[in-house]
Amino acid sequence: MEVCGDSNSALREFGCEQSLLSRPDGSSSFIQGDTSVLAGVYGPAEVKISKEIYDRATLEVLIQPKVGLPSVRERSQEQCVRETCEASLLSSLHPRSSLTLVFQVLHDDGSLLSCLLNAACMALMDAGLPMSCLFCGVTCAIDTEGQIITDPTAAQEKESRALLTFAIDSTEHRVMMSSTKGSFSVHELQQCIAVSQKASEKIFQFYRDSVRRRYSKTL
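Every value quoted in this text rests on a predicted model; they were computed, and no experiment measured them.

Turning next to the overall build of the protein. Looking only at helices and strands, the protein features four helices and 10 strands. Across the protein, helices and strands are ordered from the amino to the carboxyl terminus as β-β-β-β-β-α-β-α-β-β-α-β-β-α. Against the 2.2 N^0.38 benchmark of 17 Å for 219 residues, the protein shows a C-alpha radius of gyration of 17 Å, consistent with a compact globule. Seen through its C-alpha atoms, the protein measures out along the principal axes to roughly 50 × 40 × 35 Å. When the 219 residues of the protein are sorted by exposure, 45% land in the buried category. Sequence separation of at least 24 residues holds for 65% of the intrachain contacts in the protein that already meet a minimum separation of 6. Counting 21 positive and 27 negative side-chain charges, the protein places the centres of these two groups 3 Å from one another.

Here it is, written out as structure tokens:
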């Protein structure tokens, strides 16, 4: 388990472990503070004819909550993760095939969508799937006083008036996907994007350090 923490950083301590599940083609666990998820990637595999796409792979994302059955919230998160992965994956290299990304939420203490995105990227890397770029998720909360909090806890999310999650790419730090809730101005949106782009640099550096340490042990 690779762990990164910085007392001067607005991000909570985070950690990751790859290849911890034996059945999927790629897997990862990602922890942000007390929020933790497991991710598994299956494929490329045979696809049902009804879901077959002739020029690219079919990507399916499934999120299982900690307790109970998936709800509207999980369906919305699945769509956000799927759109981000489709923008990053070179799915045209695997036409008429199926890729399935399955998540199990272990604990949710805020910033769950960004944790799902980070776990997805590490699992796709572990599966060795071709990608045009890496991506990461950053969540920002705007409190009642207009202060921006990055990687908020569940309590901070509850007290905030707006919650914004962005998927940032690793090459040009562009916004690949956004999910917003609450009321905010255009200026606050621009501020949150800038804060997320800066925070993404630390997450991408953690990706690099984690993978470098992992393969330096096997070589």
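Here helix α1 (residues 72-88) contains 17 residues, and its C-alpha end-to-end distance of 25 Å stays within 8% of the 24 Å for a straight helix at 1.5 Å per residue. As for α1, its buried residues are in contact with β5 (58-64), β6 (98-107), α2 (112-127), β7 (135-142), β9 (162-169) and β10 (175-182).

The subject of this paragraph is unusual backbone geometry. Phi is positive for Asp151, close to 50°, though the residue is something other than glycine. Assignment of secondary structure puts Asp151 in the loop between β8 (148-150) and α3 (154-159). Note on Asp151: relative accessible area 4%, which makes it buried. One non-glycine residue with positive phi stands out, namely His173, at about 55°.

Below, the discussion takes up the sheet that holds β9. What the four strands build is an open sheet, ordered β8-β7-β9-β10; its pairing is antiparallel. The open sheet terminates on both sides in strands that have one partner only, identified here as β8 and β10. Recorded for the sheet is a direction-independent mean angle of 20° between the axes of neighbouring strands. The pairing of β7 with β8 spans three bridges and is antiparallel. Opposite Ile142, over in β8, you have Ile148 as the bridge partner. Sitting on the sheet, α1 touches β7, β9 and β10, and the angle it makes with β10 is about 165°. Sitting on the sheet, α2 is in contact with β7, β9 and β10, with an inclination near 175° to β7.

In summary, soluble globular proteins display a tendency toward joint burial of nonpolar side chains. Grouped together as the largest cluster of nonpolar side chains are 49 residues, with contacts concentrated most on Phe30, Val81, Cys85, Phe103 and Tyr207. Per element, the largest residue contribution to this core is 11 residues, and it comes from α2. Once you skip the residues sitting within four places of it in the chain, Phe30 turns out to touch Phe14, Gly15, Cys16, Thr35, Ser36, Val37, Cys115, Asn118, Ala119, Met122, Phe206 and Tyr207.

Quick notes on the rules
- Residues numbered from 1 in each chain as written.
- Predicted model: local features only at pLDDT ≥ 70, side-chain atom pairs only at ≥ 80, totals over all residues.
- Heavy atoms only, no water.
- Helix = DSSP H or I, 4+ residues; strand = E, 2+ residues; numbered from the N terminus.
- Rg over C-alpha atoms; globule rule 2.2 N^0.38 Å.
- Buried < 20%, exposed > 50% of the residue type's maximum accessible area, 1.4 Å probe, protein only.
- Contact = heavy atoms within 4.5 Å.
- Lys, Arg positive; Asp, Glu negative; His and termini not counted.
- Charge placed at Lys NZ, Arg CZ, Asp CG, Glu CD.
- Expected span 1.5 Å × (residues − 1).
- Pairing = 2+ DSSP bridges.
- Axes fitted to C-alpha atoms, helices over the stretch in contact; angles between N-to-C directions.
- Core = buried A, V, L, I, M, F, W, Y, C linked by side-chain atoms within 4.5 Å.

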